[in-house]
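In case you want the letters, here they are:
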Amino acid sequence: MTAPRIQTVNAVTMEHAETLIDVINERLIDTGTFTEGFSEAKIMAWPDDAGESPTETEAQKHYNALADEIRDRLFADTRTFIAESFVRIANAVIEGERTRVTR
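Attention in this report is confined to the structure presented alongside it. (Residues numbered from 1 in each chain as written. Predicted model: local features only at pLDDT ≥ 70, side-chain atom pairs only at ≥ 80, totals over all residues. Heavy atoms only, no water.)

### Side note on unusual backbone geometry
(1) Moving on: Positive phi, normally seen in glycine, also occurs at Lys 42, with a value near 60°.
(2) Moving on: Residue Lys 42 is classed as exposed on the basis of its relative accessible area, which comes to 73%. (Buried < 20%, exposed > 50% of the residue type's maximum accessible area, 1.4 Å probe, protein only.)

So this is what it looks like as structure tokens:
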């Protein structure tokens, strides 16, 4: 069984890429995924202050600030490269979908 053709734009643009990058960045901020990745990758250790109150400690605030700065600078430095790569790759994939033989 052949998958149905997916409706796509005629061409993916830099505007599409910029929107996607902004959405991904916001989701990373909202979910804390990027910050959690620092612990998972063993780049920085989350400051566990077991005896502290349930509010964020100064050490945890500092950890988050460092992670946020790295994330923001990474997105700023790579934004154009990522957008250009996304446009090129997405257009190639979509062209493949457009020319795919369906039965």
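Now that the structure has been shown, the text picks up again.
### A word on the packing of aromatic side chains
(1) Moving on: Evaluated as defined, the whole model comprises two aromatic pairs.
(2) Moving on: Relative to Phe 38, the ring of Phe 34 has its centre 5.3 Å away and its plane inclined at 75°; by these criteria the two rings are edge-to-face. Here Phe 34 and its partner Phe 38 are both found in helix H2 (residues 33-40), four residues apart, which amounts to about one turn of the helix.
(3) Moving on: Taking 4.9 Å as the distance between ring centres and 85° as the angle between the ring planes, the aromatic pair formed by Trp 46 and Tyr 63 counts as edge-to-face. (Phe/Tyr/Trp six-rings, centres within 6.5 Å; stacked < 30°, edge-to-face > 60°. Helix = DSSP H or I, 4+ residues; strand = E, 2+ residues; numbered from the N terminus.)

### Remarks on the nonpolar core
(1) Moving on: Residues Val 12, Phe 38 and Met 44 are the most contacted members of the largest nonpolar core, which totals 14 residues.
(2) Moving on: Secondary-structure elements contributing two or more residues to this core are helix H1 (14-31), H2 and helix H3 (58-99).
(3) Moving on: With seven residues, the top contributor of residues to this core is H3. (Core = buried A, V, L, I, M, F, W, Y, C linked by side-chain atoms within 4.5 Å.)

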